[in-house]
Amino acid sequence: MKKYAAIAAFGAAALTLAGCSSDGGTDEATEGATAAAGETEAAAAGDAGDMVVGFAQVGAESGWRTANTNDIQRAFSDAGIELKFSDAQQKQENQIKAIRSYIQQGVDIISFSPVVETGWDAVLNEAKAAGIPVILTDRSVDSTDDSLYESFLGSDFVLEGNKAGEWVVNEYADADSVKIIQLEGTTGAAPAIDRAEGFIDIIGADPKFEIVASQTGDFTRAGGKEVTEALLKSNPDVDLIYAHNDDMGLGAIEAIEAAGLEPGVDIKIVTVDAVHDGMQALADGKINFIVECSPLLGDQLVEIATAVYNGETVDKRIVTEETTFTQDEAIAALPERAY
Amino acid sequence: MSAQLRNFTGSRIFWPVVILVGLVIVDVIAFPGFLDITVKEGHLFGAPIDILRNGAPTLLIGVGMTLVIATRGIDLSVGSIAAISGAVVSALLLNSPTPDNPWTVVQAVGIALILGFILGVWNGTLVAYLKIQPIIATLILMTAGRGVAMLITEGQILTLHSKPFEWFGSGFIVGFPVAVVIAAVVLILTMLVVRRSALGMFIESVGINPEASRQAGIRSRGLLLGIYAFCALLAALAGLIITSDQTAADANNTGLFIELDAILAVVIGGTSLMGGRFSLIGTLVGVLVIQTLVTTVYIVGIPPVATMVFKAVVVIAVSLLQSPTTNEKFANWRKDRRRPTPTKAIEPKREKVSA
């Protein structure tokens, strides 16, 4: 415990020195010192309590993202780590600005979910030059130089596509031919590309599965509804809709109901995400299967950030813990879902 | 009859109508049942009905935008105003103990519309009284407005469960979608008011020369204020329809880029961005072209990566066909073909170029 006290005291000194940049500095330093002296706080508070993390979020474009934001803020606040948070409103330039400002403020760790895959080398090099480690969450960057970030914590979108495909193969094991409409995410976004790839990898093995149409619904309800509406007219005999997220699936439900059909029965629906509204629709029998893409990665992120801060090596790729839901599992899980 | 035809081929909406018909033909080839309209559960059902219903919010905003553009202005804030009105109505209904009570819905809708109107008065005040350029004045609300909508929804997508409110987006009046009926009534009433009274002429004169119209006795400032307020009111109404249609308030995506669609529809419809003459029927054709284009992408199965290019090509085609310069060249070319000796035809052409 002596070691932690020493670290806390050092942290307190460091924070007092840097205190001019933030009013909260001295308060936290005292907090850290008392915690160490009283030996009440967990070890994490001793060696990470003076750490400052800057997190640049994509935006608040969906229920999923909001749950992600809330969980990250909760996890850092539980761990007693200062979190500077910014919202890029889905624009890369805003995110780059936020990261630059974190570099100038001299935070200890920078973490962000890249809006798009490319165009990060310059700002990541700046962070590297300033000696600030970067942790990517949820989405990766497309860069040849993987020394630009410490670790990438997030879902494996290809695996999600695989899981969706496996369910479809089992569900239609006895069918002769299956016509599928795919509602793609935003064109060019990593989850859209990978979920399509993972899905086709599995169902492509059997020629009875046919994707009759594949259009982008931009991950939005309105998009999913509009596309489904039009495609149902030209492909009335479709059996299944595979949507790259719940929101588009919810839009598809509305379009199917408007066409006088029963979603989940006449046309089955498989989606990815498992946000609250999607789970509700699954429990109501309107969606048939959801592959979870968990936004609750706050605790894992705290763990990785603390390890990196303490100079430990972490894996370059850490996959979020995730599951899948059938209708019965959704009914059971719904009451205690956090989002 | 032939005079009427020539009148039509010479009019500004001739080429947009040609493109619209062309798109419909492409759709029918790709999917022969495209134009089929059937009655399902007591209402009309079919791709053309979808086009009308999905185009209704754009048409509402397009009507307001046409008048604003006719005054040589522009309103970029309509998408954000739509998002705000959707957010407000959702927040009110979600916090209400009785969201299924029609009276609650009427109140919530009323508050959202009044708020939209007030935002329009703000725009109009900046433009008419503080003389800020319209593109800058409305840019303020365009960027700030979406932030306001985000504050109201706390960054969440608010899912609504209110039967009376859903009627806006997915209900029917004698078989027609409510949204289509609302948009049609607004279009017809606006056309009657601007064309049957002197209001339309006032708007055009303010757009052509504000100073001259002021000296002629037109209260241009009051007129401008009123038009921006009207445009924002329609944007709020469009926001309600979009929100009701997706049964959720999505501050990020409701009405996103709808201002650009509306401006495009107005321009396709032959109203000049320089102000002055305007055509509400032209805007209707413009909206139909845009919405049919969207449906065509799905029906023909154009890959998502190529969608933008496809849309751009169609829009460029419309603009080129409409442009006075291309039309003149085209007319000259036809004249050339009619004349037996080409040498004579070249001469006047040269004069024109030099002049």
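What you are looking at is a predicted structure, and each value in this text was computed from that prediction instead of being measured.

(A) Layout of empty space enclosed by the protein. Under the definition given, this model contains 1 cavity of 30 Å³ or more. Estimates place the volume of the largest cavity at around 60 Å³. Together, E226(A), E229(A), A230(A), K233(A), A47(B), D50(B), N54(B), Q291(B), V294(B), T295(B) and Y298(B) line the largest cavity. Sorting the residues of the lining of the largest cavity by element identifies α9 (221-234) of chain A together with α3 (47-70) and α13 (280-300) of chain B as the ones contributing at least two each. Each residue belonging to the lining of the largest cavity can be placed in one class, and the counts come to 4 nonpolar, 3 polar and 4 charged.

(B) Expanded view of the pairing of strand β7 (residues 209-216) of chain A. All names here are of chain A. Here 7 bridges tie strand β6 (residues 178-184) to β7, and the two strands are oriented parallel to one another. Residue I181 lies in a different strand from β7, and its bridge partner there is A213. Note that the unit made of β6, helix α8 (residues 190-203) and β7 has a crossover that is right-handed.

(C) Representation of the interface of chain A and chain B in the model. Between chain A and chain B, the contact holds 29 residues from the first and 32 residues from the second. Where chain A meets chain B, there are 3 salt bridges. A salt bridge links D50(B) to K233(A); its shortest N-O distance comes to 2.4 Å. Sort the elements by how many residues they give to the side of chain A that touches chain B and α9(A) lands first, with 10 residues.

(D) Representation of the confidence of the model for chain A. In the predicted model, chain A carries a mean pLDDT of 85, and 85% of its residues have values of at least 70. Confidence scores differ between elements of chain A, with helix α2 (residues 25-38) of chain A showing the lowest mean pLDDT of 39 and strand β8 (residues 240-243) of chain A the highest of 98.

(E) The layout of surface pockets, seen in detail. Each pocket or cavity is described by its volume, and for the second largest pocket that value is around 900 Å³. What lines the second largest pocket is a set of 39 residues, among which E254(A), E257(A), K286(A), E166(B) and T247(B) lie closest to the centre. Counting residues per element, the ones that place at least two in the lining of the second largest pocket are α9, α10 (246-258) and α11 (276-283) of chain A together with β2 (43-45), α3, α7 (163-170) and α11 (220-245) of chain B. Top element by residues in the lining of the second largest pocket is α10(A). It accounts for 6 residues.

(F) Fine view of unusual backbone geometry. The backbone phi angle of F219(A) is positive, close to 65°, even though this residue is not glycine. Counting through the fold element by element, F219(A) comes out in the loop between β7 and α9.

(G) Summary view of the pairing of β6(A). Residue and element names in this part refer to chain A. Within β6, 6 of the 7 residues are buried, which leaves it mostly tucked inside the rest of the structure. As defined by bridge partners, β6 adjoins β8 across 4 bridges and the pair is classed as parallel. Of the residues in β8, the one forming a bridge with I180 is L240.

(H) Expanded view of the packing of helix α8 (residues 178-196) of chain B against α13(B). Residue and element names in this part refer to chain B. Two elements in contact, α8 and α13, have axes separated by 10 Å at closest approach and are oriented at 155°. Taken as axis vectors, α8 and α13 run roughly antiparallel relative to one another. Counted together, L187, T190, M191 and V194 of α8 and L280, I281 and L284 of α13 form the full contact between these two elements. Here the contact of α8 with α13 is built from residues that sort into 6 nonpolar, 1 polar and no charged.

(I) Expanded view of the domain arrangement of chain B. Splitting chain B by domain gives domain 1 (2-22 + 49-322) and domain 2 (325-355). Computed over C-alpha atoms only, the centres of domain 1 of chain B and domain 2 of chain B are separated by 41 Å.

(J) Up close: the environment of K163(A). Residues and elements named next belong to chain A. Looking at the secondary structure, you find K163 in helix α7 (residues 157-171). Separated by 133 residues in sequence, K163 and L296 place their C-alpha atoms 19 Å apart. In this structure, K163 is in contact with F289, V291, E322, T323 and T324, ignoring residues within four places of it in sequence.

(K) Quick look at the nonpolar core. Core analysis: the biggest nonpolar cluster contains 79 residues, and L60(B), F165(B), I182(B) and I203(B) have the highest contact counts within it. No other element matches α11(B), which puts 14 residues into this core. Judged by nonpolar contacts, the second largest core, of 36 residues, contains L183(A), A243(A), L250(A) and I253(A).

(L) Spatial organisation of the sheet that holds strand β2 (residues 82-87) of chain A. Residue and element names in this part refer to chain A. Spatially, 6 strands are ordered β2-β1-β3-β4-β5-β11 in an open sheet, and the strand pairing comes out parallel. At either end of the open sheet lies a strand with only one pairing partner, and these are β2 and β11 (317-319). Taking the axes of each pair of neighbouring strands and ignoring which way they run, one obtains an average angle of 20° across the sheet. Strand direction decides the pairing type here: strand β4 (residues 134-137) and strand β5 (residues 151-154), joined by 3 bridges, are parallel. If you follow T137 over to β5, its bridge partner there is L153. Strands β1 (52-57), β2 and β3 (109-112) of the sheet are contacted by helix α5 (residues 92-105), whose axis makes an angle of about 170° with β1.

Parameters and conventions
- Residues numbered from 1 in each chain as written.
- Chains lettered and ligands numbered in written order.
- Predicted model: local features only at pLDDT ≥ 70, side-chain atom pairs only at ≥ 80, totals over all residues.
- Heavy atoms only, no water.
- 1 Å grid on protein atoms, 1.4 Å probe; cavity = no way out; pocket = protein on both sides within 12 Å on 5 of 7 lines; lining within 4 Å.
- Points joined across faces, edges and corners; volume = space filled by probe spheres on them.
- Helix = DSSP H or I, 4+ residues; strand = E, 2+ residues; numbered from the N terminus.
- Nonpolar A, V, L, I, M, F, W, Y, C, P; charged D, E, K, R; others polar.
- Pairing = 2+ DSSP bridges.
- Right-handed = clockwise from strand over helix to strand, strands pointing away.
- Contact = heavy atoms within 4.5 Å.
- Salt bridge = Lys/Arg side-chain N within 4 Å of Asp/Glu carboxyl O.
- pLDDT = per-residue confidence, 0-100.
- Buried < 20%, exposed > 50% of the residue type's maximum accessible area, 1.4 Å probe, protein only.
- Axes fitted to C-alpha atoms, helices over the stretch in contact; angles between N-to-C directions.
- Parallel < 35°, antiparallel > 145°, perpendicular 65-115°, else oblique.
- Domains from an automatic or database assignment.
- Core = buried A, V, L, I, M, F, W, Y, C linked by side-chain atoms within 4.5 Å.

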